Amino acid sequence: MRTGHPLLVILGPTASGKSALAIRLAERLAGEILACDSTQVYRDFDIGTGKDIAEYRGTSQHLVGLIGALEGFTAGDYKEHARRVLAQVTARGHLPIVTAGSGLYLRAFLEGLSPLPRRSPELRARLVQCAGERGGAYLHRMLARLDATSARAIAPRDVPKIVRALEVYFQARRPRSELFAAGRDALEGYVVIKLGLLPPRPDLYRRIDERVEQMLAAGWLDEVRRLLQRFPPTAKPFGFLGYRQLVAHLRGELTFTEAVKRIKHETRQFAKRQITWFRKEPDVRWFAGFGDDPAIQREVLAYIGELLPAASANSSA
């Protein structure tokens, strides 16, 4: 039997209610929340990343707003930050609760990552130039031939991630997915309990559309306008889903209606990719609903109640 401190991981697609469930569990089980999100680590880009500190109702939340818009950050960086925070939460005698929207960051946190080749500015520049001349879809097709696993996990429009995956392949002569599978330093000393949220697809898509409208009503476009006055449009967060389309609108490349339509559509596509990724995650107990549904919260608490006493006992064994 595995021994160690209990660690809860809530995973699922965007808008599935991971934060709401985490708050409920933190309040009931003396927990602290660790965000596992590749966009929320950036400061200032708040509305479009779903970063609403007020909604945490006094519960402790970590790993949000770690770096500035012009700084780089990798899954390996997240692993180092998250494991350090995890140790601090455990030392306080609290239950760590991870809300995972990024499958790659979660993998790095739990399983570790193999060392990747150092970045090559020259190779990167050539790949970026190729993307500019022939389009991101061309690079994505190239990646699909060389590293199909990584290509399936990366959106065809996500040029920075495509470029990085190709950069790794051409330097290591091995797919990034193979490198990730070898030589990892897995997290030790914890009993990981994975809780998956999988609402019915039509309900999830409806919730996504509603959430986009709520973000816009909260001033998302004004936020983007202000941020463009502070940071160059090449800053990485401007390439995030939603920010990219609103920047295009402010440049006159899209009407507001077109931008909103694309945000909703591409967010639904992103949710589908998250579901595909997380369904491959081992040992997940799936719940067919949203995390803010009281019935789902009761079901989760009942399930955890069967496991936590044993996990807590194991931590002192």
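Whatever comes next refers back to the structure up there.
So, here's what we can say about the structure. (Residues numbered from 1 in each chain as written. Predicted model: local features only at pLDDT ≥ 70, side-chain atom pairs only at ≥ 80, totals over all residues. Heavy atoms only, no water.)

Another aspect to go through is the overall build of the chain. Tallying secondary structure elements over the chain gives 13 helices and six strands in all. Scaling as 2.2 N^0.38, a compact globule of 317 residues should have a C-alpha radius of gyration of about 20 Å, and the chain matches this with 20 Å. Principal-axis analysis of the C-alpha atoms gives the chain an extent of 60 × 45 × 35 Å. Burial statistics for the chain: of 317 residues in total, 50% are counted as buried. Within the chain, counting contacts between residues at least 6 apart in sequence, those at least 24 apart form 77% of the total. For the chain, the accessible area works out to roughly 15,300 Å², and carbon and sulfur atoms hold 51% of it. (Helix = DSSP H or I, 4+ residues; strand = E, 2+ residues; numbered from the N terminus. Rg over C-alpha atoms; globule rule 2.2 N^0.38 Å. Buried < 20%, exposed > 50% of the residue type's maximum accessible area, 1.4 Å probe, protein only. Contact = heavy atoms within 4.5 Å. Areas by Shrake-Rupley, 256 points an atom, 1.4 Å probe, with all protein chains shown as cover.)

Before going further, it helps to examine unusual backbone geometry. Residues other than glycine predominantly adopt negative phi, and peptide bonds predominantly adopt the trans conformation. A positive phi angle, near 70°, is found at A15, a position not held by glycine. Within the secondary structure, A15 sits in the loop between β1 (5-11) and α1 (18-29). By relative accessible area, which is 9% here, A15 ends up buried. Of note in the backbone geometry, L63 takes a positive phi value of approximately 70° without being a glycine. Tracing the backbone shows L63 in the loop between β3 (61-62) and α2 (75-91).

Buried residues dominate strand β2 (residues 31-36), accounting for six of its six residues. By the alternation rule, side chains of β2 split into G31, I33 and A35 and E32, L34 and C36, which are all buried. As paired elements, β2 and strand β4 (residues 95-100) share six bridges and run parallel to each other. Along β4, the bridge assignment pairs C36 with A100. Where β2 lies against β3, two bridges are found, and the strand directions are parallel. Pairing of L34 across the sheet is with H62, part of β3. (Pairing = 2+ DSSP bridges.)

Let us look at the nonpolar core. Core analysis: the largest hydrophobic core is formed by 50 residues, its most contacted members being L7, L106 and F109. The greatest single-element share of this core, amounting to six residues, is contributed by α2. Discounting residues that sit within four places of it in the chain, L106 has contacts with V9, L11, C36, A100, F278 and E281. Core analysis: the second largest hydrophobic core is formed by 19 residues, L8, L195, F287 and L308 among them. (Core = buried A, V, L, I, M, F, W, Y, C linked by side-chain atoms within 4.5 Å.)

Take it as geometry only, folks, not as evidence of what the structure does.
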